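Now for the letters of each chain:
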Amino acid sequence: MAELTYRDAVVRGIAQEMARDPDVVFLGEDVAKAGGVFKATVGLLEQFGPLRVRDTPISEQAILGAAMGAAMTGLKPIAEIMFSDFFAVCFDYIANEIPKGRYMSNGQTKCPLVVRTGNGGGARFGAQHSQSVENWCMMIPGLKVVAPSTPRDVIGLLAASVRDPDPVIFLEHKSLYAVKGEVPDGEILDTLGTASIVRPGKDATILALALMVPRAFAAAEKLKSEFGIDCEVIDVRSLVPLDTQAILNSVARTHRLFTVEENPRLCGWGAEIVSIVADEAFYELDGPPVRITTPHIPLPAADILEDLALPSVDRIVDRVRRSMEN
Amino acid sequence: MKTDARNFAATKEVLVPLLRQMLLVRRVEERLSADFHAGKLPGGVHLYIGQEAVAVGVCAHLRDSDTITSTHRGHGHFIAKGGSPRAMMAEIWGKRSGICRGMGGSMHVADVSKGILGANGIVAAGLAITCGAAYAVTLDRSDRVAVAFFGDGAANQGTLMETLNVATLWNLPMIFVCENNRFSEFSPTSTVTAGDIVDRARAFKIPCASVDGNDVLAVHGAAGAAIERARKGGGPSFIEAHTYRLHGHLEAEKSFLKSAYRESAEVEEWRGRDPIALFKTYLRGEGILDEREVDALEREIAAIVEDAAQFAEAGEPADPNLVFEVMFHEQRA
Ligand SMILES: Cc1ncc(C[n+]2csc(CCOP(=O)(O)OP(=O)(O)O)c2C)c(N)n1
């Protein structure tokens, strides 16, 4: 066991896979020599050399298109798009090219690649560097979508993503890079599509992703100690594939469902999950499912405004408590 | 000082405001740098220090009705185009007295009343927006122009090619101003950019100039010619201004970079070619300003900056109601 930051876990995860498989290559803007703007790729150039670890120009379309072409012809690229907001400038590759090749060619082509990106708010970078775009990705058929909340999950899920035969969008949360956690020694390999129960509870189920997981956890502790409400907190970890069974099982135990989402409200991932639960477990519910989200706005820059927009521990506590009292 | 691109009467009335504006941009940003390092600013800042001659040399020719788009490194363009230092600093501080009332922040300062359509967090996004602003001019048949400021790194986005084509094809009153400050973040330009950027524009057979971006008169001359041409219906022009970013890509960079990405000797060499120092020397040499007048100007600017910084710091925090208010037109407070 060692204590590792989330950002160092990214380095270790990439290194683990590059050391294991010579077909794994890594490219992005300022990822090699500078070690990444989030310091999450430090040392990879030195370890694996300039042919496998490449700095690119500011050309997101070239980055993802090249990753795709390389994946179609034998490599297993990891491509970095620095901020997930920039998915919008290369969205053709994300929405039309990478996810569709296998399907359209009846399985002749494949696209085993990972797109890593810094996602989410909290850094006061303003509306074009702070978005949570997990829902942009989840809506596209052909993409897998993963968002770890702990250093251990970063390594295990990144390894699973690299080894997956299909394209995976890997959303790292910018506000988690400095967070530390225990990580076992040796190789770590996790499984995509598995949620994890981070706090068992009997009164209500709270689903969360990435930065919202520690907030949901803190809220659950407060709800228990201050209001005697015992919440089960589930880290969804992977939106596609989704661990529907874990979610339905939890709802069957607690009979209440809350989602804590950083994405703007309309078409957030929680809406999809609420609809699944309504379809499959409607009669298990003792009350309406409640979505706690960022309002349907771009994120404001000023610190107090950004804090107000993102779901906070207090907002989660308040929303759950009021709903449970009814 | 090389001033061969000059093609205007260098009167004191033209020259002194250039120095004044460069000083204003510089001193505002020096204050922002200090405030950032004192932990007072809510977010990061990308400073323009070292590149002032470009924004000032171009914007000296522009009216409020002309439009510009800018980049993540947008404070210099904002001030050079006539934006208020008070309102800009308050915005960067996240205050309700900010030019966007705290909604935008450093990377999104905008003042449409001054023709500043906005700084932009997406590298190269301003190019196509400027194309649209220039297209709008062709419908109102005025002699307004639209200027896009963008970096050498931005030149590697496909949108440059798209915009050059449309602007040329439609003969738009647009000026492309590429500020080649020798870096895309931490990558020296030579490691990420093939060929000369200005040659990309030459392929469209529009007037192109490659100028010393630390020589405000060279920039002023090239921009003056391009803007005048655009006003008269002569279509787009491209200027590549060679300059140097003296501060970091962003002020926080030292806290996370594992090693230096440029030699300090190189930075020092460029510090020796500081556009403001060069221009002061020129003005003194030509007998246009004496030491006393330069000092008076410095004091005047220092007072403006002190006032703006205090205004920003003392301002009330942003208004929480705004978070839900300004999404659509009918909600605007
Ligand atoms: C589409 C997009 N890709 C990447 C970034 C991250 N980024 C911000 S500034 C920058 C470098 C820009 O270089 P250049 O255009 O030369 O401008 P400079 O910073 O030198 O002023 C990068 C890569 C971004 N903001 N937008």
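Residues numbered from 1 in each chain as written. Chains lettered and ligands numbered in written order. Predicted model: local features only at pLDDT ≥ 70, side-chain atom pairs only at ≥ 80, totals over all residues.

Visitor: Sorry, what's going on with the overall build of chain B here?
Guide: Of the regular secondary structure elements, chain B holds 13 helices and seven strands. Taking 20 Å as the expected radius of gyration for a compact globule of 333 residues, we find that chain B reaches 19 Å, a close match to that expectation. In terms of its C-alpha atoms, chain B occupies a principal-axis envelope of roughly 55 × 50 × 45 Å. Counting across all 333 residues of chain B, residues that qualify as buried make up 55%. The long-range share in chain B, meaning contacts at least 24 apart out of those at least 6 apart in sequence, stands at 76%. (Helix = DSSP H or I, 4+ residues; strand = E, 2+ residues; numbered from the N terminus. Rg over C-alpha atoms; globule rule 2.2 N^0.38 Å. Buried ≥ 20, exposed ≤ 12 C-beta atoms within 10 Å, placed from the backbone. Contact = placed C-beta atoms within 7 Å.)

Visitor: Please explain the sheet that holds strand β13 (residues 257-264) of chain A as it appears in this structure.
Guide: Think of a sheet as strands paired side by side through backbone hydrogen bonds, with each pair either parallel or antiparallel. Residues and elements named next belong to chain A. Across the sheet, five strands lie side by side as β9-β11-β10-β13-β14; this open sheet has mixed pairing. Taken across any chain shown, the strands that pair with only one partner, and hence form the sheet edges, are β9 (196-199) and β14 (290-294). The sheet shows a mean angle of 25 degrees between the axes of neighbouring strands, taken without regard to direction. Of the strands in this sheet, β10 (204-208), β11 (231-235), β13 and β14 touch helix α12 (residues 313-325), which is tilted by about 160 degrees from β14. (Pairing = 2+ DSSP bridges. Axes fitted to C-alpha atoms, helices over the stretch in contact; angles between N-to-C directions.)

Visitor: What is the right way to look at the sheet that holds strand β1 (residues 67-69) of chain B in this model?
Guide: All names here are of chain B. Read across the open sheet, the five strands follow the order β1-β2-β3-β7-β6; overall the sheet is parallel. Unpaired on one side and paired on the other, β1 and β6 (208-212) mark the two borders of the sheet. Pairwise comparison of adjacent strand axes, ignoring direction, gives a mean angle of 20 degrees for this sheet. Each of β2 (146-151), β3 (174-180) and β7 (237-242) is contacted by helix α2 (residues 52-59), which is oriented at about 165 degrees to β3, the strand it contacts most.

Visitor: Would you explain the site of the ligand in this entry?
Guide: By nearness alone, 22 residues border the ligand, and V123, G151, G153, A154 and S184 of chain B come closest of all. Looking at the residues close to the ligand, they fall on chains A and B. In terms of residue class, the shell around the ligand is made up of eight nonpolar, eight polar and six charged. (Near = placed C-beta within 6 Å. Nonpolar A, V, L, I, M, F, W, Y, C, P; charged D, E, K, R; others polar.)

Visitor: Can you help me understand the pairing of strand β4 (residues 76-83) of chain A in this one?
Guide: If a strand is regular, its side chains alternate between the two faces of the sheet. Residue and element names in this part refer to chain A. Taking burial as the measure, the eight residues of β4 include eight buried ones, the bulk of the element. When strand β2 (residues 24-28) meets β4, the two strands line up parallel, connected through four bridges. Its bridge partner being in β4, L27 is matched across the sheet by A79. Relative to strand β5 (residues 114-119), β4 runs parallel, the two being bridged by five bridges. What sits directly across from E80, in β5, is R116.

Visitor: Looking at this model, I keep getting lost on helix α3 (residues 60-72) of chain A. Mind explaining?
Guide: Since the α-helix advances by 3.6 residues per turn, residues separated by three or four positions end up pointing in the same direction. Residue and element names in this part refer to chain A. In this model, α3 (13 residues) spans 18 Å end to end at C-alpha, consistent with the 18 Å of a helix rising 1.5 Å per residue. Of the positions making up α3, those classed as buried are E60, I63, L64, A67, M68 and A71. Summarising the axial view, the buried residues of α3 lie within an arc of 125 degrees, below the 170-degree limit, and thus occupy one face. Contact partners of the buried residues in α3: β2, β4, α4 (91-97) and β5. Count one or two residues on from α3 and you reach G74, which has phi positive near 120 degrees. (Expected span 1.5 Å × (residues − 1). Arc of directions from axis to C-beta.)

Visitor: Looking at this structure, how should I read the interface of chain A and chain B?
Guide: Interfaces are often described in size by the accessible area the parts lose on coming together. Taken residue by residue, the interface counts 32 residues in chain A and 36 residues in chain B. Per-element tally for the side of chain A that touches chain B: the top contributor is helix α11 (residues 303-309) of chain A, with five residues. Of the residues assigned to the side of chain A that touches chain B, the class counts are 19 nonpolar, six polar and seven charged.

Visitor: Got a minute to help me understand the confidence of the model for chain B in this structure?
Guide: Caution applies to low-pLDDT parts of the model: their predicted coordinates are not meant to be read in detail. Residues and elements named next belong to chain B. Confidence in the prediction for chain B averages 95 pLDDT; 96% of positions are at 70 or higher. Across residues 1-5 the pLDDT falls below 50, and counting only partners more than four positions away or on other chains, this stretch makes 13 contacts in the model. In the model output, the complex is listed with pTM 0.95 alongside ipTM 0.92. (pLDDT = per-residue confidence, 0-100.)

Visitor: Got a minute to help me understand the domain arrangement of chain A in this structure?
Guide: Residue and element names in this part refer to chain A. Assigned domains within chain A: domain 1 (2-183) and domain 2 (196-325). Placing a centre on the C-alpha atoms of domain 1 and another on those of domain 2 gives a separation of 26 Å. Residue-level contacts link 26 residues of domain 1 with 23 residues of domain 2. The set of elements that each furnish at least two residues to the side of domain 1 that touches domain 2 consists of α6 (134-138), β6 (144-146), α7 (151-163) and β7 (168-173). The residue makeup of the side of domain 1 that touches domain 2, split by class, is 11 nonpolar, 11 polar and four charged. (Domains from an automatic or database assignment.)

Visitor: Quick question: what am I supposed to make of unusual backbone geometry here?
Guide: Glycine aside, the phi torsion of most residues is negative, and most peptide linkages are trans. Residue and element names in this part refer to chain A. Each neighbour pair has its own omega, and for V240 with P241 the value is -5 degrees, a cis peptide bond. Relative to the elements of secondary structure, P241 occurs in the loop between β12 (238-240) and α9 (244-254). Unusually for a residue other than glycine, A210 sits at a positive phi of about 55 degrees. Within the fold, A210 resides in the loop between β10 and α8 (212-227).

Visitor: I'm lost on the environment of A178 of chain A in this one. Help?
Guide: Residues and elements named next belong to chain A. Position of A178 relative to the elements: it lies in the loop between β7 and β8 (180-183). Distance from A178 to F38, taken between C-alpha atoms, is 9.5 Å for residues 140 residues apart in sequence. Those residues in contact with A178, other than ones at most four positions away along the chain, are T5 and R7.

Visitor: Where do I start with the nonpolar core in this structure?
Guide: Across soluble globular proteins, you tend to see nonpolar side chains buried next to one another. Judged by nonpolar contacts, the single largest core of 206 residues is most densely connected at A216 of chain A together with I175, V177 and I239 of chain B. For this core, the element with the highest residue contribution is helix α1 (residues 12-37) of chain B, accounting for 10 residues. Three or more residues apiece are contributed to this core by two domains, here domain 1 (2-183) and domain 2 (196-325) of chain A. Ignoring anything within four residues of it in the chain, the contact list for V177 of chain B reads V54, V58, V147, A148, F149, I239 and A241 of chain B. (Core = buried A, V, L, I, M, F, W, Y, C linked by C-beta atoms within 7 Å.)

Visitor: Sorry if this is basic, but what is going on with the pairing of β6 of chain B here?
Guide: All names here are of chain B. Across five bridges, β6 lies against β7 in parallel orientation. Across the sheet, A209 pairs through a bridge with I239, a residue of β7. As for the winding sense of the linkage, the β-α-β connection from β6 through helix α9 (residues 216-231) to β7 is right-handed. (Right-handed = clockwise from strand over helix to strand, strands pointing away.)

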